[in-house]
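# Examining the three-dimensional arrangement
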Amino acid sequence: MKLRLAGIRRKTEFSPNHVVNDLLIINQTADALREIGAEVTMYDEGVLTPEALKEKLIFSMVQGPLGSQTLLDIEQRGAFIINSPGGVMNCYRINMIRLLPAAGIPFPKSVIVATDSDVDPKRAGFSSSKLWIKRGDVHAVHKEDVTLASTDDEELTLLKEFHARDIRQAILQEHLDGDTVKFYAVRESDLFHWYYLNGIYHTKFDESRLRELASSSAEVLNLFVYGGDAIIGRDGGITIIDINDWPSFAPVRELASKHIADVIWRKAQQRAAG
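About the thresholds
- Residues numbered from 1 in each chain as written.
- Predicted model: local features only at pLDDT ≥ 70, side-chain atom pairs only at ≥ 80, totals over all residues.
- Heavy atoms only, no water.
- Pairing = 2+ DSSP bridges.
- Helix = DSSP H or I, 4+ residues; strand = E, 2+ residues; numbered from the N terminus.
- Axes fitted to C-alpha atoms, helices over the stretch in contact; angles between N-to-C directions.
- Contact = heavy atoms within 4.5 Å.
- 1 Å grid on protein atoms, 1.4 Å probe; cavity = no way out; pocket = protein on both sides within 12 Å on 5 of 7 lines; lining within 4 Å.
- Points joined across faces, edges and corners; volume = space filled by probe spheres on them.
- Nonpolar A, V, L, I, M, F, W, Y, C, P; charged D, E, K, R; others polar.
- Buried < 20%, exposed > 50% of the residue type's maximum accessible area, 1.4 Å probe, protein only.
- Expected span 1.5 Å × (residues − 1).
- Parallel < 35°, antiparallel > 145°, perpendicular 65-115°, else oblique.
- Left-handed = near helix turned anticlockwise from the far one by under 90°.

### Focus on the sheet that holds strand β9 (residues 179–186)
The antiparallel open sheet is built from four strands, whose spatial order is β10-β9-β11-β12. The sheet terminates laterally at β10 (192–198) and β12 (238–245), the two strands that pair on one side only. The mean inter-strand angle of the sheet, taken between neighbouring strand axes irrespective of direction, is 25°. Helix α6 (residues 207–221) contacts β9, β10, β11 (225–232) and β12 of the sheet and is inclined by roughly 45° relative to β12.

As structure tokens, this is what we get:
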């Protein structure tokens, strides 16, 4: 029996600086699935409704709250979806900062605050005045959504700006010194690619440990297609600072699209047979 799958493109609002790359990776994944033998119909997150989606086997780059909730309703009616909308919602920062530390994943000290509150970082338990201020829900939509602040005034100004944009919760997160590395991976596959986002010290570290922490994070958050960022400390220690549901895989797109298609095909076959 030929598998009929739906692919859902991400709304451009949730692809800041990556609109073309995000479109390319999902389209190439769709092409790879067609080569394997699947029938694929593509949809857009911005017009997604339960009535419009007839397929029960779905691969999705949806990231926004409205689209994720719609897919969650569809999933609860029996559809199979990679990435699961529940996994996508787990990546919202207010959820991720609870889930990863609770599972023993090394993660920076992070505190949820209301954006209309006057926050004293020292009372919140931070020893350094240099903090990252991050919106609490989806990943960055504007460049100010993830900002390093060095003074209390900067922090309060950023929180007020979030509140003015109707963002009700934010994350205060400690700043860690070290090299920032970015990684891409597909669960239950051999694909794992990393590179320096900013290699200041180029401290030696255990690459297998990075892969292990990335994989464990994906399992905790319930993701199959994922990426993220980590800090390599001056002692070689590794701290996960972010996990992204279905990034663009731009440096390894050709290879990644085939691995993503393979895992979607395998899981969809299992679901259709079961």
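Moving on from the model shown.
### Details of the layout of surface pockets
One simple way to see leftover space: roll a probe sized like a water molecule over the atoms. The computed volume of the largest pocket comes to approximately 1,000 Å³. Around the largest pocket, the lining comprises 45 residues; the ones closest to its centre are Arg93, Lys182, Asp229, Asp242 and Asn244. When contributions to the lining of the largest pocket are tallied by element, the ones reaching two or more residues are β6 (131–135), β8 (169–174), β9, β10, β11 and β12. When grouped by side-chain class, the residues that make up the lining of the largest pocket number 19 nonpolar, 15 polar and 11 charged.

### Topic: the pairing of β6
The buried fraction of β6 is high, at four of five residues. Bridge count between β6 and strand β7 (residues 146–149): four bridges; the pairing is antiparallel. The residue bridging Leu131 from the neighbouring strand is Ala149, located in β7. Here β6 runs beside β8; their pairing, made up of five bridges, is antiparallel. Counted as the bridge partner of Arg135 is Ala170 from β8.

### Considerations on helix α1 (residues 19–36)
Counting along an α-helix, one turn takes 3.6 residues, and residues three or four places apart therefore face a common direction. Helix length check: α1 (18 residues) gives 26 Å between terminal C-alpha atoms against 26 Å at 1.5 Å per residue, within 8%. When we look at burial in α1, the residues that qualify are Asp22, Ile25, Ile26, Gln28, Thr29, Ala30, Ala32 and Leu33. Buried residues along α1 sit in contact with β1 (4–9), β2 (39–44), β3 (57–60) and α7 (253–273). In the stretch just after α1, Gly37 is the one whose phi turns positive, near 135°.

### Considering the packing of helix α4 (residues 93–102) against α6
Look at α4 against α6: their axes get within 10 Å of each other, and the N-to-C directions meet at 120°. The pairing of α4 with α6 is recorded here as oblique in orientation. Along this stretch, α4 crosses α6, giving a crossing that reads as right-handed. Taking contact as the criterion, the partners of Met96, Leu99 and Leu100 in α4 are, on α6, Ser217, Val220 and Leu221. Residue composition of the contact of α4 with α6, grouped by class: five nonpolar, one polar and no charged.

Just distances and angles here, no functional claims.
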